[in-house]
Amino acid sequence: MLEVRGLTKRFRSHTVVDHVSFTMRPGEITGYLGPNGSGKSTTVKMLAGLLHPSEGNVLFNGREIRQDPIAFRRQLGYVPEEPNLYSYLTGLEYLQLAGRLRGIDEPAVNRKANELLALLGLSDARWAPISAYSKGMKQRVLIAAALLHDPEFLIFDEAQSGLDIANALLFRHLLHALAARGKTILYISHILELVEKVCAHVVVIYKGKIVADDSVDRLRSLMHLPNLEEIFTQLVKEDDMERRATDIAAVMQAR
Amino acid sequence: MTTPFRELVKLFRARFLESDALAEGSGYETSLAQILGLLVTPGILVALWLLPRYMGYSMSGRAGLEWDLRSDRLFFAAYSFTVTGFATIFEWDTLFPERRDFLILTPFPIRMRDLFGAKLLSLLTFVGIIAAAVNAGSVVLIPLLSTLIPGTRNAGLLRLLLMHTTSCAAAAAFAFFAVAAFQGVLISLLSPRLFRRLSPYIQMTGMSLMVLSLLLFPIYSQLRIIATSHPEALWYFPPYWFAAIPELFTGRTDPLFAALAWFGFRALGCAILLFAIAWAAGFVRHYRRTLESEDVGRSGRENNRSWFDWILRSPEERGVYYFSGAILARSTRHRLFLATYLSAGISFGVLVMVVVKNGVIGLSPEGIRAFPILVTFFAISGLRAGFQFPAELNSNWVFRLAESGWGSAARDATRKRALVSGLVVPLVCFVPLELFRWGIAAGLLHIAFQAAAGALLIEALFWRFDKVPFTCSYFPGKVNLAILAVVYLYGFTSYSFTLSDIEASLEHNPVKSAGYLGGAAIALTLLWRRKPKDHSVVFEAGEPQIRALNLN
């Protein structure tokens with residue numbers, strides 16, 4: 001179980017994440033939603049250890065992760081929002097690197113890397129440099145690298161971005177399969193339909209603060225709204241999108 | 001008004017200074033200003049260094065003065081040729097638009113001739129600025145200084161200015177057009193894939209030759225000796241041709257140098273013509289074929305295990321070792337950086353090896369002995385410096401995320417990479433030289449001695465290197481270049497000459513040799529077992545003053 005307690009991040013006087021608290025349970029997929037600039041990625045970077053929180057703490061299985069960050073990282077699989085990969089390496093070499101850095105022995109690294117690449121449809125491209133990969137291929141390499149060491153806690157930050165229909169479907173099933181194996185999963189996405197389908201629990205952040213933290217069903221009944229899209233729009237107080245879209249079209253046509 | 005053409009010129013111009021090593025947010029203008037500042041300085045310094053000598057000439061002329069002046073002119077022609085050539089080769093990948101440019105720009109309504117013209121203009125502007133900076137100091141100061149000399153004063157300041165400018169500009173233009181034409185020819189003849197494969201090697205060789213051509217100046221500037229003993233050599237090195245151009249303006253033309261000057265003009269004309277044909281033809285072909293080509297991967301071994309695995313004890317060590325190897329093998333910028341170091345080492349080595357005695361050019365035994373030691377010093381210290389420059393810094397998160405107290409594994413892997421790439425590879429290349437020059441017994445002793453000394457040097461240079469190569473952010477501003485240069489100069493001269501003296505003293509003394517090698521083995525064993533207190537890996541060179549938030 002992963003507990004986020006009062007997590008805060010300030011850059012100088014600007015508070016980007018403001019006392020965020022929520023809990024993620026094993027076998028559960030938690031959707032983490034919010035508009036651009038709401039503090040999602042900053043929260044995720046703090047969870048992944050890439051940013052130090054200004055305040056608050058994160059407990060993994062009851063232990064503060066800062067007490068033993070190394071033990072926590074061993075349990076962490078992370079697919080970042082940006083597909084930052086060493087483009088000089090081939091797909092296979094990248095997975096071998098990730099596996100070795102995780103301390104996996106050589107035969108296991110090679111076997112798992114090749115199997116994951118094959119299952120993710122990258123077998124033919126494994127010897128090509130990552131610089132030649134499409135966005136979806138890079139994304140699949142990142143997913144494979146996050147799974148290689150069988151982590152207990154997984155963060156997928158916009159992991160389906162760039163995936164084609166078949167791979168997006170595969171990814172959806174993968175999330176369920178991982179949850180069924182008791183993994184704790186944090187899933188960040190802007191595709192609300194997908195979040196509604198895969199996540200038992202959603203956390204909505206807006207301007208750095210948590211505005212909702214509950215199951216999708218309970219949110220629906222509490223707010224008397226039919227779907228997550230409506231709930232989200234209400235929670236983050238977005239303007240009338242239809243009207244805004246019409247305004248954009250009008251500006252486009254203006255002489 | 002901003003036109004698409006201007007925007008394209010701006011875009012292509014900025015691409016010349018794109019680099020992994022540039023700090024985030026540092027602009028094109030800042031980087032260019034820093035580079036230009038560095039290029040202007042040597043011309044001014046050399047001109048000022050010549051001032052007392054030229055003042056001496058003004059008071060009393062002396063015999064052989066003309067040869068001294070020819071050597072001085074040769075320096076400026078060679079400097080202009082070398083730096084412009086080096087810059088052109090360094091920008092090899094951006095001389096033609098890249099695949100990325102075509103992929104991005106093709107959907108826009110841009111005419112091919114605009115693309116061609118913008119690239120050409122940005123290229124000529126960039127090279128023009130470099131050549132102007134390289135020669136800015138000397139084209140003003142040298143003609144002024146030349147008016148101090150009674151023999152040349154009569155030519156008048158304007159003519160002196162014209163002859164020096166023509167000489168330096170022609171040398172720079174030839175360097176640029178020759179390199180660009182060569183690339184045009186290759187692009188026209190080779191497949192895009194083969195061209196991409198060959199490019200790094202061409203760049204490494206070309207840059208090494210350019211550095212060599214500057215550092216070997218003390219040898220090839222012995223003009224009087226070369227012109228009398230090996231006059232044919234003057235036709236093979238372009239700076240000789242362009243340094244001879246001022247002879248055409250002085251009225252006291254030596255037939256040999258006049259012929260060299262005209263040869264230089266003809267060579268420049270040929271280079272421009274070849275550039276025009278090959279570049280125009282290559283551009284269209286490059287555009288079409290680059291878009292059509294796919295970057296397909298090579299096939300590889302199913303199992304990545306290699307014979308190096310026996311020296312790599314843990315998965316983390318293997319990870320860092322193979323990662324640094326892949327970057328060294330594939331990152332063009334890092335390869336070029338190391339090529340520059342290596343060529344500096346080879347140049348200094350040649351410099352100490354070649355001696356001119358009684359008008360005859362020969363080889364010094366001490367120099368031959370010091371040569372491998374010097375080259376390995378530069379190879380190892382080049383790796384030490386190269387490891388600091390990040391490759392795709394944004395991607396280092398995979399190391400930061402996976403780091404779990406394997407600092408000592410990273411440390412060992414880095415030293416092993418330096419040992420294999422910086423010491424074993426150069427020494428293997430030197431085995432034939434050592435065996436041929438010194439015989440089997442002495443040659444093998446030399447190799448063993450150099451291996452031990454190199455391994456100890458690696459321990460000294462990497463004593464506080466607790467990073468994963470190519471993953472740490474680097475702030476060049478923190479380095480005091482002047483102090484570094486002095487330390488470096490002192491370091492490599494004392495290292496190579498002291499060691500070559502020790503090596504000579506060991507040759508006929510088996511007991512001393514055994515003692516030295518045994519002592520080195522014990523020291524290395526102790527050093528390899530050293531466990532530094534802090535086992536964590538450093539990824540930040542220091543906390544930057546301003547951080548980009550990158551919030552979303």
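Here the structure is a predicted model, which is why all the values come from computation and not from measurement.

Some thoughts on the overall build of chain B
Logical step 1: Helix and strand counts for chain B come out as 22 helices and 2 strands.
Logical step 2: Across chain B, contacts joining residues at least 24 apart in sequence account for 85% of those joining residues at least 6 apart.

Thoughts on the packing of helix α20 (residues 440–461) of chain B against helix α22 (residues 510–528) of chain B
Any two packed helices are characterised by how steeply their axes cross, that is the angle between the axes, and by the distance between the axes.
Residue and element names in this part refer to chain B.
Logical step 1: Running from amino to carboxyl end, α20 crosses α22 at an angle of 30 degrees, the nearest separation of the two axes being 10 Å. Relative to α22, the element α20 lies roughly parallel. The handedness of the crossing between α20 and α22 is left-handed. Residues Leu445, Ala448, Ala452, Ala455, Leu456 and Glu459 of α20 form the contact with α22, whose participating residues are Ser513, Leu517, Ala520, Ala523, Leu524 and Leu527.

Details of the interface of chain B and chain A
Logical step 1: Taken together, the 33 residues of chain B in the interface contact 42 residues of chain A.
Logical step 2: Broken down by secondary-structure element, the contributors of at least two residues to the side of chain B that touches chain A are α15 (315–330) and α18 (397–402) of chain B.
Logical step 3: Examining the composition of the side of chain B that touches chain A, we find that 8 residues originate from one element, α15 of chain B, more than from any other.
Logical step 4: Along the lines of polarity and charge, the residues of the side of chain B that touches chain A split into 13 nonpolar, 12 polar and 8 charged.

Some remarks on the nonpolar core
Logical step 1: Core analysis: the biggest nonpolar cluster contains 204 residues, and Tyr94, Leu95, Val141, Ala144 and Tyr187 of chain A together with Ala172 and Phe174 of chain B have the highest contact counts within it.
Logical step 2: Excluding its chain neighbours within four sequence positions, the residues that come into contact with Phe174 of chain B are Phe81, Pro238, Phe242, Ala267, Leu268 and Ala271 of chain B.
Logical step 3: One finds Leu8, Val9, Phe12 and Leu115 of chain B within the second-largest nonpolar core, a separate group that totals 5 residues.

Regarding unusual backbone geometry
All names here are of chain A.
Logical step 1: The phi angle at Asp150 is positive, at roughly 55 degrees, despite the residue not being glycine.
Logical step 2: Of note in the backbone geometry, Glu158 takes a positive phi value of approximately 55 degrees without being a glycine.
Logical step 3: In this fold, Glu158 is placed in the loop between β7 (153–157) and α6 (165–180).
Logical step 4: Of the residues examined, Glu158 has 20 C-beta atoms within 10 Å and is grouped as buried.

Side note on the sheet that holds strand β6 (residues 76–79) of chain A
Strands in a sheet are paired, the pairing made by backbone hydrogen bonds, and the direction either parallel or antiparallel.
All names here are of chain A.
Logical step 1: Pairing is mixed across the open sheet formed by 6 strands, whose spatial order is β6-β7-β8-β3-β9-β10. Only two strands of the sheet have a single partner each, and these edge strands are β6 and β10 (209–215). Averaged over all neighbouring strand pairs, the angle between strand axes comes to 15 degrees, with direction disregarded.
Logical step 2: Against the sheet, helix α8 (residues 216–223) contacts β9 (201–206) and β10, and its axis sits at roughly 105 degrees relative to β10.

Some thoughts on the sheet that holds strand β4 (residues 55–60) of chain A
Residues and elements named next belong to chain A.
Logical step 1: Here 4 strands make up an open sheet; going across it, the order is β2-β1-β4-β5 and the pairing antiparallel. In this open sheet, the two strands that pair with only one neighbour each are β2 (14–24) and β5 (63–64).
Logical step 2: Strand direction decides the pairing type here: strand β1 (residues 2–11) and β2, joined by 7 bridges, are antiparallel. Each residue of the ladder has a partner; that of Leu2, found in β2, is Met24.

Some thoughts on the packing of α8 of chain A against helix α9 (residues 228–235) of chain A
Residue and element names in this part refer to chain A.
Logical step 1: Where α8 meets α9, the axes come as close as 10 Å, and the angle between the chain directions of the two elements is 65 degrees. Classified by the angle between their axes, α8 and α9 sit roughly perpendicular to one another. The two elements α8 and α9 cross, and the hand of that crossing is left-handed. Contact with α8, carried on its side by Val216, Leu219, Arg220 and Met223, involves Leu228, Ile231 and Gln234 of α9 and no other residues of that element.
Logical step 2: Classifying every residue of the contact of α8 with α9 by side-chain character gives 5 nonpolar, 1 polar and 1 charged.

What to know about α9 of chain A
All names here are of chain A.
Logical step 1: Among the residues of α9, those classed as buried are Leu228, Ile231 and Phe232. Buried residues of α9, viewed axially, fall in a sector of 95 degrees; they line one side.
Logical step 2: Buried residues in α9 make contact with β3 (29–33), α7 (192–198), β9 and α8.

What to know about the environment of Thr166 of chain B
Residues and elements named next belong to chain B.
Logical step 1: Along the polypeptide, Thr166 turns up in helix α8 (residues 157–189).
Logical step 2: What makes Thr166 partly exposed here is the crowd of 18 C-beta atoms within 10 Å.
Logical step 3: Each C-alpha atom, one on Thr166 and one on Leu383, is 40 Å from the other, the two residues being 217 residues apart in sequence.

Let's talk about the confidence of the model for chain B
Residues and elements named next belong to chain B.
Logical step 1: Summarising the model, chain B shows a mean pLDDT of 82, and 86% of its residues fall at 70 or more.
Logical step 2: Note that pLDDT drops below 50 for residues 20–27; the model gives that stretch 11 contacts with residues more than four away or on any other chain.
Logical step 3: Across residues 543–552 the pLDDT falls below 50, and counting only partners more than four positions away or on other chains, this stretch makes 10 contacts in the model.

Notes on the environment of Ala136 of chain B
Residues and elements named next belong to chain B.
Logical step 1: Relative to the elements of secondary structure, Ala136 occurs in helix α6 (residues 112–146).
Logical step 2: It is 6.3 Å that separates the C-alpha atoms of Ala136 and Val40, two residues lying 96 residues apart in sequence.
Logical step 3: Contact partners of Ala136, with chain neighbours within four places excluded, come to Val40 and Gly43.

Considerations on the pairing of β10 of chain A
Residues and elements named next belong to chain A.
Logical step 1: Note: β9 against β10, 6 bridges, orientation antiparallel. Considered in β10, the bridge of His201 is made with Ser215.
Logical step 2: Remark: 2 residues form the turn of the hairpin made by β9 and β10, two consecutive strands paired antiparallel; Lys207 in that turn has positive phi of roughly 50 degrees.

The rules we used
- Residues numbered from 1 in each chain as written.
- Chains lettered and ligands numbered in written order.
- Predicted model: local features only at pLDDT ≥ 70, side-chain atom pairs only at ≥ 80, totals over all residues.
- Helix = DSSP H or I, 4+ residues; strand = E, 2+ residues; numbered from the N terminus.
- Contact = placed C-beta atoms within 7 Å.
- Axes fitted to C-alpha atoms, helices over the stretch in contact; angles between N-to-C directions.
- Parallel < 35°, antiparallel > 145°, perpendicular 65-115°, else oblique.
- Left-handed = near helix turned anticlockwise from the far one by under 90°.
- Nonpolar A, V, L, I, M, F, W, Y, C, P; charged D, E, K, R; others polar.
- Core = buried A, V, L, I, M, F, W, Y, C linked by C-beta atoms within 7 Å.
- Buried ≥ 20, exposed ≤ 12 C-beta atoms within 10 Å, placed from the backbone.
- Pairing = 2+ DSSP bridges.
- Arc of directions from axis to C-beta.
- pLDDT = per-residue confidence, 0-100.

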